[in-house]
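Working through the structure, step by step
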Amino acid sequence: MDIIQAIKERRSVRSYLPTPLSAEQRRELTEFADTVPNPIGGKFTIRLKQFDLQGDFKPSTYGIIQGAQDYFLMAIADDETSKLAAGFCFEQIVLRACELGLGTCWIGGTFKGTTFSGGEPWPEAETLKIVCPVGLPSKPRLIERLSRFTMRSDHRKPWDSLFFEGDFSHPLPRTTPFRESLEMLRLSPSSTNSQPWRILVEGSDVHLYCQPQNALSPLDCGIALAHLYLTETHLGHQGQILKTATPLPHPTYKYLLTYRRK
């Protein structure tokens, strides 16, 4: 499975077989997490932990997840750069898990009073904001199918409302050289399927803007940037992520970062 197929096939899995990750799967995921590229910076920490479901396991309201014994935990500093970087880096791990035939599910929250909040302290200024089960998918339960239907998880905003050229009054033509990369960006998951990202293309620059929906919107935009960056790399394009000195202003969209194809 290549990265394009992984992006297209990835879905949020809430039902898992009661089988822990193998030693090889854990090694693959932890080594990948340790080496995932991060051109953004920020402060966040990712850990992979196994929990005993027969013991005093208290996922609290996050108990909609069933069967998973292994979870990624991610603590993030409470600033925009850290959230962007966390989304960018962790989505690469999620897609790697998909390539290995494993299911995952981003879950954001505070996690106070749950099993997830115990254990080794997190680095200073970082707090646990994301947990993500990882394991072999099981047949989706009715509650899972209803959740996807209610959240319209498979629905994505139309091209013309997300991608622009030159300014925000001109939709980006589908003949753009960035078409495939932006289509993969459009498939990005987001909290409550809010899809807060907006894109402005100027020549070889792809400017990422955010229309904030909630506290996780910068993280969601980091996920979208990962889809763009990974697709560009897969297609053989070289590029860099940077901040432009003179971004085009918009009354409701906030400029975040730029991907520049070399």
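Our subject is the structure that appears above.
Per chain, residues are indexed from 1 in the order of the written sequence. Local features are withheld for residues below a pLDDT of 70 in this predicted model, meaning they are given only at 70 or higher, and side-chain atom pairs are given and counted only at 80 or more; totals for whole chains, interfaces and linings count all residues. Hydrogens are left out, water is left out, and the side-chain values use all remaining heavy atoms of the structure.

1. Brief notes about the pattern of salt bridges
- Each reported salt bridge corresponds to a side-chain nitrogen of Lys or Arg within 4 Å of a carboxyl oxygen of Asp or Glu. One pass over the full model with this rule turns up 12 salt bridges.
- Residue Arg26 pairs with Asp70 through a salt bridge whose shortest N-O separation is 2.6 Å. Of this pair, Arg26 sits in helix α2 (residues 23-35) while Asp70 sits in strand β2 (residues 70-77); the two residues are 44 residues apart in sequence, bridging distant segments of the chain.
- For the salt bridge of Glu31 with Arg27, the shortest nitrogen-to-oxygen distance reads 2.7 Å. With Glu31 and Arg27 both in helix α2 and four residues apart, the pair spans about one turn of that helix.
- The exposure class of Arg27 is partly exposed, given its relative accessible area of 34%.
- Put simply, Glu24, Arg27 and Glu31 are held in one network by salt bridges that share partners. Helix and strand assignments follow DSSP, with helices taken as H or I runs no shorter than four residues and strands as E runs no shorter than two, numbered in order from the N terminus. Accessible area is worked out with a 1.4 Å probe on protein chains only. A residue is then buried under 20% of its type maximum, exposed over 50%, and partly exposed in between.

2. Here's the deal with unusual backbone geometry
- In this model, Phe111 sits at a positive phi of 65 degrees, which is unusual for a non-glycine residue.
- For Phe111, the position within the fold is in the loop between β4 (107-108) and β5 (126-135).
- The phi dihedral of Asn193 falls on the positive side, at around 55 degrees, and the residue is not glycine.

3. Examining the packing of helix α3 (residues 80-99) against helix α6 (residues 217-234)
- As a rule, the C-alpha atoms of each element are fitted with a line to give its axis, helices using only the stretch in contact, and angles between N-to-C directions run from 0 to 180 degrees. Direction vectors running N to C along α3 and α6 enclose 50 degrees, while the axes themselves pass 7 Å from each other. By the criterion of interaxial angle, the relationship of α3 to α6 is oblique. As α3 packs across α6, the resulting crossing turns out to be right-handed. Of the residues in α6, those in contact with Glu80, Lys83, Leu84, Ala86, Gly87, Phe88, Glu91, Gln92 and Leu95 of α3 are Pro218, Leu219, Cys221, Gly222, Ile223, Leu225, Ala226, His227, Tyr229 and Leu230.
- Looking at the contact of α3 with α6 residue by residue, the classes come out as 12 nonpolar, four polar and three charged. By definition in this entry, angles of less than 35 degrees are roughly parallel, angles greater than 145 are roughly antiparallel, angles of 65 to 115 are roughly perpendicular, and the rest are oblique. Rotating anticlockwise by less than a right angle from the far helix to the near helix defines a left-handed crossing, while the corresponding clockwise rotation defines a right-handed one. The criterion used for residue contact is that any of the two residues' heavy atoms lie within 4.5 Å. Just so you know the grouping, Ala, Val, Leu, Ile, Met, Phe, Trp, Tyr, Cys and Pro go in nonpolar, Asp, Glu, Lys and Arg go in charged, and all remaining residues, Gly too, go in polar.

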